[in-house]
Amino acid sequence: MLLFLQFRNVIEVLIILLSIPFALVGSVWLMWLLDYRVSTAVWVGIIALTGLAAQTGIVMIVYIDNAFHKRQAEGRINNLKDIIAAHMEGTVQRVRPKLMTVSTMLIGLVPLLWATSSGSDVMKRIAAPMVGGLLTSAFLTLEIIPVVVTYWRQEQLLWQRLLTLAPERLRGLKISSSAVAAGASLAVLLAVARIYVTIPGGLFVVGQLAAATIFLGGLAVYLFRRPGAYEVVWPEAART
């Protein structure tokens, strides 16, 4: 909710939250290497890691947005190459502050891994998932998030151009994307509801299969319709 109030866009919030699964991968790896078991201290570290991972994603998104909106205001965003150039400015030329953000956190956490003072056993299990998660989430932030944002911006630009060039094609894309969103939302709602409400196993499986069918069906239709819409907006690029 706080991320949505800041960015006013659900897709950007989801892209930022994408860093959390990558962070958990690093946590599991480091805890396996250190032979730590899941405990209350580990869960505390994972909860703290969630905030840190979101913070690194926010830093990246903010820089990308600033570069994109600056060029868009200047009328320099016309195709995918322009979007890539804007995002290069927001990523490659801004690597230092992003690495400083992660490095500052690691400088404070890594010494806890070899601490021997009173209470160190608990602190090690809090710090371990945070250190491992920061390393893998930093990789996601620098390498994968810019690519995801770039193609999302391209879809935004495609929809904006279709609004005037071919409204009927835009309508079809919107219906397909709504089906994708509905399928994903149904899957998430069922998973969350099962935490609080007893749902029979068979009913839960049927619901998840229905959600997957809606999601994949909408995605397939969207991918089928997209090339035609792309050719309307950028005919030269579509031919090459």
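Up top is the structure these notes are about.
Report follows, based on the coordinates. All values reported here derive from a predicted model rather than from experimental measurement.

What counts, and at which threshold
Residues numbered from 1 in each chain as written. Predicted model: local features only at pLDDT ≥ 70, side-chain atom pairs only at ≥ 80, totals over all residues. Heavy atoms only, no water. Helix = DSSP H or I, 4+ residues; strand = E, 2+ residues; numbered from the N terminus. Buried < 20%, exposed > 50% of the residue type's maximum accessible area, 1.4 Å probe, protein only. Contact = heavy atoms within 4.5 Å. Phe/Tyr/Trp six-rings, centres within 6.5 Å; stacked < 30°, edge-to-face > 60°. Lys NZ or Arg CZ within 6 Å of the ring centre and 35° of its normal. Salt bridge = Lys/Arg side-chain N within 4 Å of Asp/Glu carboxyl O. Axes fitted to C-alpha atoms, helices over the stretch in contact; angles between N-to-C directions. Left-handed = near helix turned anticlockwise from the far one by under 90°. Polar contact = N/O pair within 3.5 Å; in protein donor to acceptor, adjacent residues only side chain to side chain. Core = buried A, V, L, I, M, F, W, Y, C linked by side-chain atoms within 4.5 Å. Arc of directions from axis to C-beta.

## Concerning the overall build of the protein
For step 1, the next point in the chain: Looking only at helices and strands, the protein has eleven helices and zero strands in total.
For step 2, the next point in the chain: Written out in order from the N terminus, the α and β elements of the protein read α-α-α-α-α-α-α-α-α-α-α.
For step 3, the next point in the chain: The principal-axis extent of the C-alpha atoms belonging to the protein is close to 70 × 50 × 35 Å.
For step 4, the next point in the chain: Taking all 240 residues of the protein together, the buried fraction comes to 39%.
For step 5, the next point in the chain: When contacts within the protein are restricted to residue pairs at least 6 apart in sequence, long-range pairs at least 24 apart make up 74% of them.

## Observations concerning the packing of aromatic side chains
For step 1, the next point in the chain: Under the counting rule described, the total for this entry stands at one aromatic pair.
For step 2, the next point in the chain: Pairing tyrosine 230 with tryptophan 234 gives two aromatic rings, centres 5.0 Å apart and planes at 55 degrees, and the pair type is tilted. With respect to burial, tyrosine 230 and tryptophan 234 carry one shared label: buried.
For step 3, the next point in the chain: Arginine 125 extends its terminal NZ or CZ atom over the ring of tyrosine 36, reaching a point 4.2 Å from the ring centre.
For step 4, the next point in the chain: Above the ring of phenylalanine 68, the side-chain terminus of arginine 153 is found at 4.4 Å from the ring centroid.

## Remarks on the pattern of salt bridges
For step 1, the next point in the chain: This structure, assessed with the given rule, holds six salt bridges.
For step 2, the next point in the chain: With its nearest N and O atoms 3.6 Å apart, the salt bridge here joins glutamate 12 to arginine 153. With glutamate 12 in helix H2 (residues 10-17) and arginine 153 in helix H8 (residues 145-165), this pair connects stretches of sequence that are 141 residues apart.
For step 3, the next point in the chain: Residue arginine 153 is joined to aspartate 65 by a salt bridge in which the shortest nitrogen-to-oxygen separation is 2.4 Å. Here the residue arginine 153 occupies a position in helix H8, and aspartate 65 occupies one in helix H4 (residues 40-73), the gap between them amounting to 88 residues.
For step 4, the next point in the chain: The class of aspartate 65 is buried, set by a relative accessible area of 9%.
For step 5, the next point in the chain: If you follow the salt bridges from partner to partner, you end up with Glu12, Asp65 and Arg153 in one network.

## Details of the packing of H4 against H8
For step 1, the next point in the chain: Where H4 contacts H8, the axes come no closer than 11 Å and their chain directions differ by 35 degrees. Every pair of crossing elements has a handedness; the one defined by H4 and H8 is right-handed. Where H4 abuts H8, its residues Gly57, Met60, Ile61, Ile64, Asp65, Phe68, His69 and Gln72 lie against Ile145, Pro146, Val149, Arg153 and Gln160.

## Focus: the side chain of threonine 91
For step 1, the next point in the chain: On the secondary structure map, threonine 91 appears in helix H5 (residues 80-91).
For step 2, the next point in the chain: There is a polar contact of 2.6 Å between the side chain of threonine 91 and the backbone oxygen of histidine 87.
For step 3, the next point in the chain: When neighbours within four sequence positions are excluded, threonine 91 is seen to be in contact with Met60, Ile64, Lys98 and Pro146.

## So, the nonpolar core
For step 1, the next point in the chain: Leu52, Leu109, Met130 and Leu134 are the most contacted members of the largest nonpolar core, which has 20 residues in total.
For step 2, the next point in the chain: Of all elements in the fold, only helix H3 (19-34), H4, helix H6 (95-109) and helix H7 (120-143) reach the threshold of two or more residues within this core.
For step 3, the next point in the chain: In this view, leucine 52 contacts Met105, Leu109, Met130 and Leu134; residues no more than four positions away in its chain are not counted.
For step 4, the next point in the chain: Counting 15 residues, the second largest nonpolar core, distinct from the first, contains Ile77, Leu157, Leu162 and Trp234.

## What to know about H2
Residues that lie three or four places apart on an α-helix share one face, since the helix turns once every 3.6 residues.
For step 1, the next point in the chain: Turning to H2, its buried residues are Glu12, Val13, Ile15 and Ile16. Along the axis of H2, the buried residues cluster in a sector spanning 160 degrees; they form a single face.
For step 2, the next point in the chain: Tucked into the core, H2 has its buried residues touching helix H1 (2-7), H3, H4 and H8.
For step 3, the next point in the chain: Among the residues of H2, the N-terminal cap falls to asparagine 9, whose side-chain oxygen and the backbone nitrogen of isoleucine 11 are separated by 2.9 Å.

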